Structures are given as C-alpha cells and as structure tokens.
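# Notes for the structure review
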Amino acid sequence: MSRVELKGMGVVHGVVRGTARIANADGSNIKDGDILVSKMTDAKMVKGMIRAEGIVTENGGTICHAAIVALDLGKVTAVGVKGLLAALKDKEEAEIEIRYEEGQTQATVTVL
Amino acid sequence: MHNPEHNIKTLQAFGCVDEKGKPYNLSADARKFYGAVAMYQMKPTEENRRIMQAVSEELARKFELAIVVACAGEFRSSVSAGQQWLNRRNKGEEKGKFKKIKLKNGVEDAAFYFDDYYMMSRPRGLGMYNRAIRIKHRGDDGAQRTSSALTYKQFVLDPYGYEVGLRHNVNFWRMQGGGGVGGLKWADAAEVGLRYVKGELTPMVFVDLAFNLQHNNAILFTKTHRRDGHIQNWLNKRQQAQPGWLIERAPQDLREAMGFGDYRSEAAERRDATTDKRATKFWTSEVTPEVVKKIVKGVKPKEEVLV
C-alpha cells in the first residue's frame, strides 16, 4: 500500500485520522468521524462539515468558506491541497496534520 | 447601478445606518472581518478569538437587518409578479408546471395556518397571508388593504414576521418561474438570512456567506451599503489571499487590538527591498523614503534630488 503525502495550508492545528469521504452536493454522505473531502465547500455542506472530524479542500485560501467554518467549529482543516482529488479515492483512510513550520501554518494530508 | 443613498430614508427608518446616519460601508466591513479572521489564524489566542467573535456578531447584526430590508424591498413586487405568473398559467403557458411546483415546494410550509391557501393558486392569497400575520401579531385594526408598501412595512417591522417573511421569500422566489423581479438569487439570500434567524448558522459563518450573496449582477449589499473601489474584485481576491495581505488591509485599531499594530507581511518587505535596490542603481546619494514613494508612484523626481 502506497502512502501519498500532499501539502496545503492549515487552518486549525491538530492531527486527525479517519475515512476520507468525497462530499456530495449537500454533504449528506458524511458520517460522524469522517474526513470531508471536496474541491470547495459551500453553504449547503455545513451540516456535513459539523459531523466531519476533519475537512480537506483542493482549492481555497485561508479565508475561504471551509476555513471560516473550520475556525468557528474548531475542526482540523487543510485548504488549497493541490492534486487532492486525483490522489484520493472515496472511503480511503487519510490523516491530516496541521502544524506551524517556518512561521506559517502547514498542512500535510497523508493517504494511508 | 444601485445607490443606497437613494434609499437613505428607508435605511434610516429601519436603523440600517452607521452613527453618522449614512449607509454602512461594505468595504470597511469586509476589511475588518477578514482581517480579524486572518489575524486570529496567525495568532490563535483566546483574546483574539474573543475579538474576532465580537467583530462577527457586530457585522451579523448589520447584515441580518440588511438582508431583511433588501428582501422586503424586492418582495414588494411579489404581488404583481405572482399575478403575472398566474396570468400565464391561466393562458396555458405554464401548462402542467403549476401543479408540480406546488407539490414539490409545499408552500403550506410558509403559508402558516392558511393550510389550504396557496398564494399563487388564489389571486388574493398573498394579501390574505399578509393580513393574517398582521392580525395575529397586532390585532385586527381594520386595515383591509394590503398594498406593496404595507407588505414592506409588515415584513421589516414585525419581529415575529422575520422568520415567516424570509421563509415566504425563499419559497416564493423558488417557485416563481420567471418574471422581471426576484429569482433564485433572492431565494438564496433569503435562505441565508432565514437560517441565521433560526439559529442554524453562527454569526461568523453567516457573515462570510452574506458577503457572497448576490442579486441580479452585483453583491446583494450594494442595495443597502456604501462601498469604496472595486469591492467585488476585492472579495474575489480574498478567497486565495494570504493572511498577510488581509492583515495589512485591516483597520489600524483592530490590528493593534489583536497584536499586529506594526505588522509588515513578507511580501511587502520583499517589495520594499526590491524598490530600494532598483533605486540605488540610479541614485548614488541616500535614497529617502520620500524619493522611493515618488518612484513607485511614477512621479519624476525633482532635479535637486539627483546627484
């Protein structure tokens, strides 16, 4: 089994591990403890974001919708993770780690 | 082009103005909110979180009222829009559509205790609905007419009507099916307001969503707020912006409160260093900040500055 590491911008510090689920339009397929994966998030996904343990998006910056919701909910979140959807399949195990590196908040998303 | 100054009397009447009696400044609010968020990300202390939440709550109060006022303004046209749609249906232009929409969207959800009165299915349905709200919350004072102005006032002034009014907006514009007013973007705007009023959204998430609301071709709050410069471009750019870019544009008092009073982003430092380096190629004397400023602005320096 190959490990793939992807880099992005971190929002809330911490480490979470869980089943990565590529969110549908309203985030209804996200169960408690899942990691929500999406290209971008929007208002319709908020309920799914509340249930998720962590959030990862392929696009977006540190104040995109996903980041604002994550800050408010205190969810470990990585945004702007390039190549995310190409590297990750639905229901794969993944880990998100967010920490300060060289004065910036760095995110590492590992597909296990 | 919308100009909130044209509606200043309405905005003042509903308290949707700043301490000087002018419409809120959207650009300043955007810089404040996103600056606070960026600073909290850079320095996530309890004190900064408290400040960020306070900024969010202040803006959420403004935006809640602004959404209600804007939706109410648009909703004034709903009587005529509903009638037009009904006329088209009666002519057969909307054959088969009406029944489907009615069943799908369930207007009874909005129609309160008027269980069997659908505003679109009966010409006076909307008027009856508005009168029902008035009677329920204020008593029947004999007001029989439901003009568009009355719709507006009821919707905005009646605090019990906020939720019902917004829900009515959502359902009405979703099932409208064409016409020169309203539309799905208005339904989206009302829905965001409704979800906040119902407590489904926190102030912070609500404010972020509210900045993205639009009507025909512009930000929703161009109807209720002043703005400086190209606010739409600014809002587009913020999505990919680095925190430093936002912090530099935050109000100075907020920056000082959150511990970023003399903050300079790395990008700004690099920019300054590059400018200094280029300038020293042409001037052997000391390059003062004033000279650099003139070069950056493209102003030709005076002769006495040259060696």
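Rules used throughout
Residues numbered from 1 in each chain as written. Chains lettered and ligands numbered in written order. Predicted model: local features only at pLDDT ≥ 70, side-chain atom pairs only at ≥ 80, totals over all residues. Heavy atoms only, no water. Salt bridge = Lys/Arg side-chain N within 4 Å of Asp/Glu carboxyl O. Helix = DSSP H or I, 4+ residues; strand = E, 2+ residues; numbered from the N terminus. Buried < 20%, exposed > 50% of the residue type's maximum accessible area, 1.4 Å probe, protein only. Contact = heavy atoms within 4.5 Å. Buried area = accessible area lost by both parts, 1.4 Å probe. Nonpolar A, V, L, I, M, F, W, Y, C, P; charged D, E, K, R; others polar.

### Section: the pattern of salt bridges
All names here are of chain B. Summed over the entire model, instances satisfying the criterion amount to nine salt bridges over all chains. As a salt-bridge pair, Asp29 and Lys62 come within 3.2 Å of each other at their nearest N and O atoms. Of this pair, Asp29 sits in helix α2 (residues 26-42) while Lys62 sits in helix α3 (residues 46-75), and the two are 33 residues apart along the sequence. The pair formed by Asp29 and Lys62 is uniform in burial state, with each residue classed as buried. Across the pair Glu200 and Arg195 runs a salt bridge, and its minimum N-O distance is 3.3 Å. The exposure class of Glu200 is partly exposed, given its relative accessible area of 36%.

### Regarding the interface of chain A and chain B
With 16 residues of chain A at the interface, the matching set in chain B holds 22 residues. Here chain A packs against chain B, burying approximately 1800 Å² in sum over the two surfaces, 55% of which is carbon and sulfur. Here chain A and chain B share zero salt bridges between them. When residues of the side of chain A that touches chain B are assigned to their parent elements, the largest contribution, six residues, is made by helix α2 (residues 65-73) of chain A. Across the side of chain A that touches chain B, the residue classes tally to 11 nonpolar, four polar and one charged.

### With respect to unusual backbone geometry
Residues other than glycine seldom take positive phi values, yet Lys91 of chain A does so here, at roughly 70°. One can find Lys91 of chain A in the loop between α3 (84-87) and β6 (93-101).

### Details of α2 of chain A
Residues and elements named next belong to chain A. Of all nine residues in α2, eight are buried, a share of seventy percent or more. For α2, the full list of buried residues reads His65, Ala66, Ala67, Ile68, Val69, Ala70, Leu71 and Asp72. Taken from the residues just after α2, Gly74 is the one with a positive phi, measuring 75°.

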